[in-house]
Amino acid sequence: MALETSPDSPAPLRVISQLMGDYIARLGAQWIEGEIAQLTRRQGVCFLTLRDLDAKISMSVTCRRIVLDRSPTPITEGARVVIHARPDFYPANGTLSLNARDIRPVGMGELLARIEQRRQLLAAEGLFDLARKRPLPFLPHRIGLITGKGSAAEHDVLENARLRWPGVEFEISYALMQGSSSAAQVITALRALDADEAVDVIVIARGGGSVEDLLPFSDEGLVRAVAAARTPVVSAIGHEPDVPLLDHVADVRASTPTDAAKRVVPAVVDELQHLAQLRRRAWYAVDQRLGREQHRLDAIRSRPAMARPVTLIDEQTSRVDELLGRARRSLGHRLDLAHHEAAAQLARVRALSPLRTLERGYAVAQTTDGRVVTSIEQLAPDAEVSLRVVDGHASLRTLSTAPSPHADLTDDEES
(Lines give C-alpha, C1' and ligand atoms only; values in the text may rest on other atoms or scores of the structure.)
Protein backbone atom coordinates (compact mmCIF):
# COMPACT_ATOMS: atom_id res chain seq x y z
CA MET A 1 0.00 0.00 0.00
CA ALA A 2 1.54 3.28 -1.15
CA LEU A 3 1.72 6.16 1.31
CA GLU A 4 0.60 9.64 0.41
CA THR A 5 3.30 12.00 1.59
CA SER A 6 4.19 15.61 0.84
CA PRO A 7 6.65 18.20 2.11
CA ASP A 8 3.97 19.38 4.44
CA SER A 9 2.95 15.89 5.50
CA PRO A 10 6.12 13.65 5.55
CA ALA A 11 6.09 10.09 6.88
CA PRO A 12 8.20 9.29 9.94
CA LEU A 13 11.34 7.19 9.30
CA ARG A 14 10.08 4.47 11.56
CA VAL A 15 7.03 4.03 9.38
CA ILE A 16 9.10 3.75 6.23
CA SER A 17 11.48 1.32 7.97
CA GLN A 18 8.55 -0.77 9.14
CA LEU A 19 7.04 -0.87 5.66
CA MET A 20 10.39 -1.90 4.15
CA GLY A 21 10.77 -4.67 6.71
CA ASP A 22 7.27 -5.95 5.97
CA TYR A 23 7.89 -5.88 2.23
CA ILE A 24 11.21 -7.73 2.49
CA ALA A 25 9.71 -10.29 4.87
CA ARG A 26 7.07 -11.17 2.27
CA LEU A 27 9.91 -12.36 -0.03
CA GLY A 28 10.37 -15.39 2.25
CA ALA A 29 13.25 -17.92 2.31
CA GLN A 30 14.99 -18.49 -1.01
CA TRP A 31 17.78 -20.71 -2.42
CA ILE A 32 20.65 -18.41 -3.37
CA GLU A 33 23.90 -19.23 -5.19
CA GLY A 34 27.15 -17.40 -4.62
CA GLU A 35 30.78 -17.58 -3.47
CA ILE A 36 31.96 -17.13 0.10
CA ALA A 37 34.27 -14.14 0.07
CA GLN A 38 34.80 -13.95 3.82
CA LEU A 39 34.02 -16.29 6.71
CA THR A 40 34.18 -15.60 10.44
CA ARG A 41 33.49 -18.57 12.68
CA ARG A 42 32.27 -18.04 16.22
CA GLN A 43 30.79 -20.25 18.88
CA GLY A 44 27.23 -18.99 18.41
CA VAL A 45 26.52 -17.00 15.27
CA CYS A 46 28.88 -17.09 12.27
CA PHE A 47 29.23 -14.23 9.78
CA LEU A 48 29.80 -14.66 6.05
CA THR A 49 30.06 -12.42 3.02
CA LEU A 50 28.35 -13.93 -0.01
CA ARG A 51 29.51 -12.62 -3.38
CA ASP A 52 27.74 -12.98 -6.71
CA LEU A 53 29.50 -15.24 -9.20
CA ASP A 54 29.40 -12.67 -12.04
CA ALA A 55 28.39 -9.23 -10.80
CA LYS A 56 30.21 -7.17 -8.17
CA ILE A 57 27.48 -7.65 -5.61
CA SER A 58 27.90 -8.98 -2.10
CA MET A 59 25.70 -9.31 0.96
CA SER A 60 26.22 -10.21 4.59
CA VAL A 61 24.99 -13.59 5.75
CA THR A 62 24.51 -14.85 9.29
CA CYS A 63 23.99 -18.43 10.40
CA ARG A 64 24.35 -20.60 13.43
CA ARG A 65 27.57 -22.55 13.91
CA ILE A 66 25.70 -25.85 13.56
CA VAL A 67 24.73 -24.92 9.99
CA LEU A 68 28.43 -24.87 8.98
CA ASP A 69 29.44 -27.88 11.04
CA ARG A 70 26.81 -30.23 9.64
CA SER A 71 28.07 -29.80 6.07
CA PRO A 72 29.59 -33.09 4.78
CA THR A 73 32.54 -31.11 3.38
CA PRO A 74 34.20 -28.18 5.14
CA ILE A 75 32.93 -24.71 4.24
CA THR A 76 35.89 -22.46 3.47
CA GLU A 77 36.52 -19.07 1.94
CA GLY A 78 36.38 -19.19 -1.84
CA ALA A 79 33.89 -22.04 -1.82
CA ARG A 80 30.99 -21.93 -4.21
CA VAL A 81 27.79 -22.58 -2.24
CA VAL A 82 24.02 -22.65 -2.41
CA ILE A 83 22.34 -21.33 0.71
CA HIS A 84 18.75 -21.45 1.88
CA ALA A 85 18.29 -18.07 3.54
CA ARG A 86 15.63 -15.58 4.54
CA PRO A 87 16.30 -11.84 4.01
CA ASP A 88 16.22 -9.76 7.18
CA PHE A 89 15.98 -6.00 7.44
CA TYR A 90 17.26 -4.42 10.66
CA PRO A 91 15.37 -1.18 11.25
CA ALA A 92 17.78 -0.04 13.94
CA ASN A 93 20.58 0.62 11.47
CA GLY A 94 18.82 0.12 8.16
CA THR A 95 20.93 -2.85 7.04
CA LEU A 96 19.87 -5.81 4.99
CA SER A 97 21.32 -9.31 5.43
CA LEU A 98 20.48 -12.94 4.86
CA ASN A 99 19.81 -15.41 7.63
CA ALA A 100 20.97 -18.81 6.34
CA ARG A 101 19.38 -22.03 7.54
CA ASP A 102 21.27 -24.40 5.21
CA ILE A 103 24.54 -24.11 3.30
CA ARG A 104 25.65 -26.62 0.66
CA PRO A 105 28.94 -26.55 -1.28
CA VAL A 106 28.41 -26.93 -5.02
CA GLY A 107 30.54 -26.97 -8.14
CA MET A 108 34.20 -26.11 -7.70
CA GLY A 109 33.60 -24.90 -4.19
CA GLU A 110 32.39 -28.35 -3.20
CA LEU A 111 35.38 -29.89 -4.95
CA LEU A 112 37.84 -27.67 -3.14
CA ALA A 113 36.08 -28.40 0.11
CA ARG A 114 36.49 -32.12 -0.47
CA ILE A 115 40.17 -31.65 -1.23
CA GLU A 116 40.53 -29.70 1.99
CA GLN A 117 38.81 -32.45 3.92
CA ARG A 118 41.11 -35.01 2.31
CA ARG A 119 44.12 -32.89 3.19
CA GLN A 120 43.07 -32.75 6.84
CA LEU A 121 42.56 -36.52 7.01
CA LEU A 122 45.94 -37.28 5.40
CA ALA A 123 47.66 -34.72 7.59
CA ALA A 124 46.14 -36.37 10.65
CA GLU A 125 47.80 -39.64 9.54
CA GLY A 126 51.17 -37.90 9.55
CA LEU A 127 51.82 -38.15 5.79
CA PHE A 128 52.74 -34.46 5.62
CA ASP A 129 55.03 -34.37 8.66
CA LEU A 130 58.36 -32.66 8.12
CA ALA A 131 60.14 -35.41 10.06
CA ARG A 132 59.47 -37.98 7.32
CA LYS A 133 60.77 -35.83 4.45
CA ARG A 134 64.07 -37.03 2.98
CA PRO A 135 66.92 -34.79 1.80
CA LEU A 136 67.81 -34.67 -1.88
CA PRO A 137 71.17 -36.09 -3.02
CA PHE A 138 73.83 -33.48 -3.71
CA LEU A 139 74.50 -34.69 -7.25
CA PRO A 140 72.10 -37.42 -8.41
CA HIS A 141 73.55 -40.02 -10.77
CA ARG A 142 70.23 -40.36 -12.57
CA ILE A 143 67.00 -38.36 -12.24
CA GLY A 144 63.61 -39.92 -12.78
CA LEU A 145 61.16 -37.57 -14.51
CA ILE A 146 57.41 -38.13 -14.73
CA THR A 147 55.75 -35.68 -17.10
CA GLY A 148 53.66 -35.36 -20.24
CA LYS A 149 55.34 -36.33 -23.49
CA GLY A 150 56.56 -33.28 -25.40
CA SER A 151 55.24 -30.94 -22.71
CA ALA A 152 56.70 -27.57 -21.77
CA ALA A 153 57.39 -28.97 -18.31
CA GLU A 154 59.62 -31.68 -19.80
CA HIS A 155 61.53 -29.11 -21.84
CA ASP A 156 61.99 -26.79 -18.84
CA VAL A 157 63.32 -29.52 -16.56
CA LEU A 158 65.69 -31.06 -19.11
CA GLU A 159 66.99 -27.78 -20.48
CA ASN A 160 67.65 -26.11 -17.14
CA ALA A 161 69.13 -29.23 -15.57
CA ARG A 162 71.59 -29.75 -18.43
CA LEU A 163 72.55 -26.09 -18.44
CA ARG A 164 73.43 -26.38 -14.75
CA TRP A 165 75.18 -29.77 -15.02
CA PRO A 166 75.77 -30.99 -18.60
CA GLY A 167 76.51 -34.58 -17.61
CA VAL A 168 73.25 -35.19 -15.77
CA GLU A 169 71.26 -38.28 -16.81
CA PHE A 170 67.48 -38.67 -16.93
CA GLU A 171 65.13 -41.62 -16.89
CA ILE A 172 61.88 -40.22 -18.34
CA SER A 173 58.53 -41.90 -17.81
CA TYR A 174 55.61 -40.35 -19.67
CA ALA A 175 52.07 -40.22 -18.30
CA LEU A 176 48.85 -38.31 -18.81
CA MET A 177 49.03 -35.23 -16.64
CA GLN A 178 45.30 -34.49 -16.54
CA GLY A 179 42.08 -36.40 -16.83
CA SER A 180 40.47 -39.31 -15.03
CA SER A 181 43.28 -41.79 -15.78
CA SER A 182 46.12 -39.39 -15.01
CA ALA A 183 46.59 -40.31 -11.34
CA ALA A 184 46.76 -44.04 -12.11
CA GLN A 185 49.39 -43.53 -14.83
CA VAL A 186 51.48 -41.28 -12.59
CA ILE A 187 51.32 -43.89 -9.80
CA THR A 188 52.49 -46.62 -12.23
CA ALA A 189 55.37 -44.47 -13.47
CA LEU A 190 56.32 -43.56 -9.91
CA ARG A 191 56.51 -47.17 -8.78
CA ALA A 192 58.58 -48.16 -11.80
CA LEU A 193 61.13 -45.39 -11.21
CA ASP A 194 61.18 -46.07 -7.48
CA ALA A 195 62.09 -49.70 -8.18
CA ASP A 196 65.06 -48.64 -10.36
CA GLU A 197 68.20 -48.68 -8.19
CA ALA A 198 69.97 -46.25 -10.54
CA VAL A 199 67.39 -43.49 -9.97
CA ASP A 200 68.39 -41.21 -7.08
CA VAL A 201 65.50 -38.71 -7.16
CA ILE A 202 62.10 -38.49 -8.90
CA VAL A 203 60.54 -35.29 -10.28
CA ILE A 204 56.84 -35.09 -11.06
CA ALA A 205 56.41 -32.06 -13.32
CA ARG A 206 53.43 -30.40 -14.98
CA GLY A 207 52.85 -26.88 -16.20
CA GLY A 208 50.10 -24.56 -15.04
CA GLY A 209 46.41 -25.18 -15.46
CA SER A 210 43.00 -24.75 -13.95
CA VAL A 211 41.96 -26.31 -10.67
CA GLU A 212 40.19 -29.07 -12.59
CA ASP A 213 43.35 -29.81 -14.59
CA LEU A 214 45.40 -30.25 -11.41
CA LEU A 215 42.89 -32.48 -9.63
CA PRO A 216 44.83 -35.74 -10.34
CA PHE A 217 47.67 -34.46 -8.17
CA SER A 218 45.37 -34.30 -5.17
CA ASP A 219 44.36 -37.95 -5.61
CA GLU A 220 44.58 -39.89 -2.37
CA GLY A 221 46.15 -42.92 -4.06
CA LEU A 222 48.93 -40.79 -5.56
CA VAL A 223 49.58 -39.11 -2.22
CA ARG A 224 49.95 -42.48 -0.50
CA ALA A 225 52.18 -43.82 -3.28
CA VAL A 226 54.54 -40.86 -2.90
CA ALA A 227 54.57 -41.34 0.88
CA ALA A 228 55.50 -45.01 0.42
CA ALA A 229 58.29 -44.36 -2.11
CA ARG A 230 61.85 -44.99 -0.95
CA THR A 231 63.28 -42.47 -3.45
CA PRO A 232 63.01 -38.73 -2.68
CA VAL A 233 60.22 -37.09 -4.68
CA VAL A 234 60.08 -33.50 -5.95
CA SER A 235 56.69 -32.00 -6.78
CA ALA A 236 56.72 -29.42 -9.60
CA ILE A 237 53.03 -28.98 -10.41
CA GLY A 238 51.61 -25.78 -11.86
CA HIS A 239 52.77 -22.39 -10.68
CA GLU A 240 53.44 -20.84 -7.30
CA PRO A 241 49.75 -20.31 -6.31
CA ASP A 242 48.85 -23.91 -7.18
CA VAL A 243 49.13 -26.19 -4.16
CA PRO A 244 47.78 -29.71 -4.84
CA LEU A 245 48.08 -32.34 -2.12
CA LEU A 246 51.14 -33.74 -3.89
CA ASP A 247 53.04 -30.62 -2.77
CA HIS A 248 52.38 -31.47 0.88
CA VAL A 249 53.53 -35.09 0.74
CA ALA A 250 56.54 -34.61 -1.56
CA ASP A 251 59.97 -34.36 0.03
CA VAL A 252 60.57 -31.06 -1.79
CA ARG A 253 58.04 -28.68 -3.36
CA ALA A 254 59.20 -26.72 -6.39
CA SER A 255 57.17 -23.73 -7.47
CA THR A 256 57.65 -24.53 -11.19
CA PRO A 257 59.36 -27.20 -13.32
CA THR A 258 62.25 -24.78 -13.83
CA ASP A 259 62.59 -24.40 -10.08
CA ALA A 260 62.62 -28.20 -9.76
CA ALA A 261 65.65 -28.42 -12.07
CA LYS A 262 67.47 -25.85 -9.95
CA ARG A 263 66.70 -27.70 -6.72
CA VAL A 264 67.68 -31.14 -8.00
CA VAL A 265 70.88 -30.35 -9.93
CA PRO A 266 73.68 -28.12 -8.62
CA ALA A 267 75.17 -25.49 -10.92
CA VAL A 268 78.58 -26.62 -12.17
CA VAL A 269 79.84 -23.02 -12.29
CA ASP A 270 78.87 -22.42 -8.67
CA GLU A 271 80.41 -25.72 -7.58
CA LEU A 272 83.66 -24.97 -9.42
CA GLN A 273 83.83 -21.60 -7.73
CA HIS A 274 83.10 -23.20 -4.39
CA LEU A 275 85.73 -25.86 -5.07
CA ALA A 276 88.29 -23.19 -5.96
CA GLN A 277 87.44 -21.33 -2.77
CA LEU A 278 87.83 -24.51 -0.73
CA ARG A 279 91.14 -25.23 -2.46
CA ARG A 280 92.41 -21.73 -1.59
CA ARG A 281 91.28 -22.18 2.00
CA ALA A 282 92.99 -25.57 2.14
CA TRP A 283 96.25 -24.15 0.76
CA TYR A 284 96.07 -21.29 3.22
CA ALA A 285 95.43 -23.67 6.12
CA VAL A 286 98.33 -25.92 5.05
CA ASP A 287 100.63 -22.91 4.61
CA GLN A 288 99.71 -21.59 8.05
CA ARG A 289 100.26 -25.01 9.58
CA LEU A 290 103.64 -25.39 7.90
CA GLY A 291 104.62 -21.91 9.05
CA ARG A 292 103.72 -22.70 12.65
CA GLU A 293 105.55 -26.03 12.56
CA GLN A 294 108.63 -24.40 10.96
CA HIS A 295 108.65 -21.77 13.70
CA ARG A 296 108.42 -24.48 16.36
CA LEU A 297 111.19 -26.45 14.65
CA ASP A 298 113.44 -23.39 14.51
CA ALA A 299 112.77 -22.72 18.19
CA ILE A 300 113.66 -26.31 19.08
CA ARG A 301 116.80 -26.27 16.94
CA SER A 302 117.96 -23.06 18.60
CA ARG A 303 118.08 -24.69 22.01
CA PRO A 304 121.61 -25.55 23.30
CA ALA A 305 120.82 -29.24 23.45
CA MET A 306 119.88 -29.26 19.77
CA ALA A 307 122.57 -26.83 18.65
CA ARG A 308 125.31 -29.14 20.09
CA PRO A 309 123.69 -32.53 20.76
CA VAL A 310 127.00 -34.08 21.99
CA THR A 311 126.87 -31.83 25.06
CA LEU A 312 124.50 -34.17 26.79
CA ILE A 313 126.59 -37.16 25.73
CA ASP A 314 129.76 -35.50 27.02
CA GLU A 315 128.10 -34.73 30.32
CA GLN A 316 126.90 -38.28 30.70
CA THR A 317 130.31 -39.64 29.60
CA SER A 318 132.03 -37.53 32.25
CA ARG A 319 129.59 -38.74 34.83
CA VAL A 320 130.15 -42.36 33.78
CA ASP A 321 133.95 -41.87 33.96
CA GLU A 322 133.63 -40.31 37.39
CA LEU A 323 131.43 -43.14 38.64
CA LEU A 324 133.79 -45.69 37.09
CA GLY A 325 136.78 -44.09 38.84
CA ARG A 326 134.94 -44.05 42.12
CA ALA A 327 134.00 -47.69 41.64
CA ARG A 328 137.58 -48.67 40.85
CA ARG A 329 138.94 -46.77 43.86
CA SER A 330 136.32 -48.31 46.10
CA LEU A 331 137.05 -51.78 44.77
CA GLY A 332 140.81 -51.28 45.09
CA HIS A 333 140.40 -50.10 48.66
CA ARG A 334 138.27 -53.11 49.48
CA LEU A 335 140.76 -55.45 47.82
CA ASP A 336 143.62 -53.87 49.79
CA LEU A 337 141.72 -54.32 53.03
CA ALA A 338 140.93 -57.91 52.13
CA HIS A 339 144.60 -58.53 51.22
CA HIS A 340 145.85 -57.15 54.53
CA GLU A 341 143.24 -59.09 56.42
CA ALA A 342 144.14 -62.30 54.57
CA ALA A 343 147.86 -61.73 55.27
CA ALA A 344 147.12 -61.22 58.94
CA GLN A 345 145.02 -64.37 59.06
CA LEU A 346 147.74 -66.27 57.21
CA ALA A 347 150.33 -65.03 59.65
CA ARG A 348 148.20 -66.16 62.57
CA VAL A 349 147.62 -69.53 60.96
CA ARG A 350 151.32 -69.96 60.24
CA ALA A 351 152.14 -68.96 63.78
CA LEU A 352 149.96 -71.76 65.06
CA SER A 353 151.23 -74.29 62.53
CA PRO A 354 153.26 -77.28 63.88
CA LEU A 355 155.85 -76.56 61.21
CA ARG A 356 156.69 -73.34 62.93
CA THR A 357 157.34 -75.27 66.07
CA LEU A 358 159.53 -77.71 64.19
CA GLU A 359 161.45 -74.80 62.66
CA ARG A 360 162.40 -73.71 66.15
CA GLY A 361 164.18 -77.02 66.71
CA TYR A 362 161.44 -79.24 67.97
CA ALA A 363 160.65 -82.70 66.59
CA VAL A 364 157.69 -85.06 66.72
CA ALA A 365 158.21 -88.69 67.64
CA GLN A 366 155.84 -91.28 66.27
CA THR A 367 155.53 -94.99 66.70
CA THR A 368 155.62 -97.31 63.80
CA ASP A 369 151.81 -97.24 63.67
CA GLY A 370 151.78 -93.39 63.35
CA ARG A 371 150.87 -92.49 66.91
CA VAL A 372 152.56 -89.47 68.42
CA VAL A 373 154.75 -90.35 71.36
CA THR A 374 153.75 -88.23 74.32
CA SER A 375 155.00 -90.47 77.13
CA ILE A 376 157.95 -92.78 77.74
CA GLU A 377 155.47 -95.41 78.62
CA GLN A 378 154.71 -95.74 74.91
CA LEU A 379 158.29 -96.74 74.22
CA ALA A 380 159.82 -100.06 75.00
CA PRO A 381 163.57 -100.66 75.00
CA ASP A 382 164.95 -101.05 71.53
CA ALA A 383 161.64 -99.75 70.09
CA GLU A 384 161.71 -98.23 66.61
CA VAL A 385 160.65 -94.56 66.56
CA SER A 386 160.11 -92.23 63.63
CA LEU A 387 161.33 -88.73 64.31
CA ARG A 388 159.80 -85.94 62.23
CA VAL A 389 161.69 -82.71 61.89
CA VAL A 390 160.94 -79.65 59.77
CA ASP A 391 162.52 -80.96 56.59
CA GLY A 392 161.91 -84.73 56.83
CA HIS A 393 161.87 -87.95 58.88
CA ALA A 394 164.43 -90.02 60.66
CA SER A 395 164.13 -93.58 62.00
CA LEU A 396 165.59 -94.17 65.45
CA ARG A 397 165.73 -97.03 67.91
CA THR A 398 165.45 -96.37 71.66
CA LEU A 399 168.29 -97.44 73.88
CA SER A 400 166.69 -96.49 77.19
CA THR A 401 163.99 -94.30 78.74
CA ALA A 402 164.05 -92.14 81.89
CA PRO A 403 161.26 -90.11 83.49
CA SER A 404 161.52 -86.34 83.60
CA PRO A 405 162.12 -84.84 87.01
CA HIS A 406 159.31 -82.34 86.44
CA ALA A 407 156.77 -84.84 85.08
CA ASP A 408 154.47 -84.53 88.12
CA LEU A 409 154.35 -80.71 88.15
CA THR A 410 151.19 -78.97 86.90
CA ASP A 411 151.20 -75.96 84.65
CA ASP A 412 150.46 -73.66 87.61
CA GLU A 413 153.39 -75.07 89.56
CA GLU A 414 155.64 -74.59 86.58
CA SER A 415 154.65 -71.00 86.32
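The rules behind these values
- Residues numbered from 1 in each chain as written.
- Predicted model: local features only at pLDDT ≥ 70, side-chain atom pairs only at ≥ 80, totals over all residues.
- Heavy atoms only, no water.
- Helix = DSSP H or I, 4+ residues; strand = E, 2+ residues; numbered from the N terminus.
- Rg over C-alpha atoms; globule rule 2.2 N^0.38 Å.
- Buried < 20%, exposed > 50% of the residue type's maximum accessible area, 1.4 Å probe, protein only.
- Areas by Shrake-Rupley, 256 points an atom, 1.4 Å probe, with all protein chains shown as cover.
- Lys, Arg positive; Asp, Glu negative; His and termini not counted.
- Charge placed at Lys NZ, Arg CZ, Asp CG, Glu CD.
- Pairing = 2+ DSSP bridges.
- Axes fitted to C-alpha atoms, helices over the stretch in contact; angles between N-to-C directions.
- Parallel < 35°, antiparallel > 145°, perpendicular 65-115°, else oblique.
- Left-handed = near helix turned anticlockwise from the far one by under 90°.
- Contact = heavy atoms within 4.5 Å.
- Disulfide = S-S within 2.5 Å.
- Salt bridge = Lys/Arg side-chain N within 4 Å of Asp/Glu carboxyl O.
- Core = buried A, V, L, I, M, F, W, Y, C linked by side-chain atoms within 4.5 Å.

Chemist: Outline the overall build of the protein, supporting the account with residue identities and numerical values.
Modeler: What the protein contains, in helices and strands, is 13 helices and 13 strands. Relative to the globule expectation of 22 Å for 415 residues, the C-alpha radius of gyration of the protein, 64 Å, shows a markedly less compact shape. Over its C-alpha atoms, taken along the principal directions, the protein stretches across nearly 210 × 60 × 50 Å. Among the 415 residues that make up the protein, the fraction classed as buried is 27%. When the accessible surface of the protein is split by element, carbon and sulfur atoms take 55% of a total near 27300 Å². Considering the protein, the positive charge centre built from 51 side chains and the negative charge centre built from 55 side chains are found 6 Å apart.

Chemist: Got a sec to walk through the sheet that holds strand 13 (residues 392–397)? Specific residues and values, please.
Modeler: The three strands lie next to each other as 11-12-13, forming an open sheet whose pairing is antiparallel. Sheet topology places strand 11 (364–366) and strand 13 at the edges, where each strand pairs with a single neighbour. Sheet twist, expressed as the mean angle between neighbouring strand axes with direction ignored, is 30 degrees. Across three bridges, strand 11 lies against strand 12 (residues 384–389) in antiparallel orientation. Across the sheet, Val364 pairs through a bridge with Arg388, a residue of strand 12.

Chemist: Got a sec to walk through the sheet that holds strand 5 (residues 95–105)? Specific residues and values, please.
Modeler: Strand order in the closed barrel formed by five strands is 1-2-3-5-4, and the pairing between neighbours is mixed. When the angles between neighbouring strand axes are averaged without regard to direction, this sheet yields 55 degrees. Summarising the sheet, strand 4 (residues 80–90) and strand 5 pair through ten bridges and their orientation is antiparallel. Within the sheet, the bridge partner assigned to Tyr90 lies in strand 5 and is Thr95.

Chemist: With reference to specific residues and values, describe the packing of helix 4 (residues 152–164) against helix 8 (residues 257–264).
Modeler: One can describe the packing of helix 4 onto helix 8 by two numbers: an axis separation of 8 Å at closest approach and a directional angle of 30 degrees. Between helix 4 and helix 8, the angle falls in the class roughly parallel. Viewed along their axes, helix 4 and helix 8 form a crossing whose handedness is right-handed. Between helix 4 and helix 8, the contacting residues are Ala153, Asp156, Val157, Asn160, Ala161 and Arg164 on the first element and Pro257, Thr258, Ala261 and Lys262 on the second.

Chemist: Please provide a residue-by-residue account of the pairing of strand 2 (residues 45–51), values included.
Modeler: The alternating pattern of strand 2 places Cys46, Leu48 and Leu50 on a buried face, while none of Val45, Phe47, Thr49 and Arg51, on the opposite face, is buried. Looking at chain direction, strand 1 (residues 30–40) and strand 2 are connected through five bridges and run antiparallel. In the sheet register, Leu39 faces strand 2, and the bridge partner there is Leu48. Linking strand 1 to strand 2, which pair antiparallel, is a turn of four residues.

Chemist: So, the state of the cysteines: which residues are in play, and what are the values?
Modeler: In this structure the tally under the stated criterion is zero disulfides. Free of any disulfide, Cys46 has its nearest neighbouring cysteine sulfur in Cys63, separated by 5.1 Å. With relative accessibility at 2%, the residue Cys63 sits in the buried group.

Chemist: Please provide a residue-by-residue account of the pattern of salt bridges, values included.
Modeler: Throughout the structure, instances matching the rule amount to 18 salt bridges. Its salt-bridge partner being Asp259, residue Arg263 comes within 2.9 Å of it at the nearest N-O pair. Remark: Asp259 and Arg263 occur in helix 8; sequence separation between them is four residues, near one turn of the helix. The exposure class of Asp259 is buried, given its relative accessible area of 18%.

Chemist: Can you explain the nonpolar core? Please cite residues and give values.
Modeler: Looking at soluble globular proteins, one finds that nonpolar side chains tend to be buried together. Within the largest apolar cluster, 28 residues are counted, with the highest numbers of intra-cluster contacts made by Ile146, Val186, Ile204, Phe217, Val226 and Val249. Elements that contribute at least two residues to this core include exactly helix 3 (107–124), helix 5 (182–195), strand 8 (201–206), helix 6 (220–228), strand 9 (233–237) and helix 7 (245–249). Residues contacting Ile146, with those up to four places away along its chain left out, are Ser173, Ala175, Met177, Val186, Ala189, Leu190, Leu193, Ile202, Val203, Ile204 and Ala205. Within the second largest apolar cluster, 19 residues are counted, among which are Leu158, Ala161, Phe170 and Val234.

Chemist: Describe the environment of Ala175, with residues and values.
Modeler: Along the chain, Ala175 turns up in the loop between strand 7 (169–174) and helix 5. Given the relative accessible area of 9%, Ala175 is considered buried. Along the primary structure Ala175 and Lys149 are separated by 26 residues, whereas in three dimensions their C-alpha atoms are 7.3 Å apart. If we skip the residues at most four places from it in the chain, Ala175 touches Ile146, Thr147, Gly148, Gln185 and Val186.

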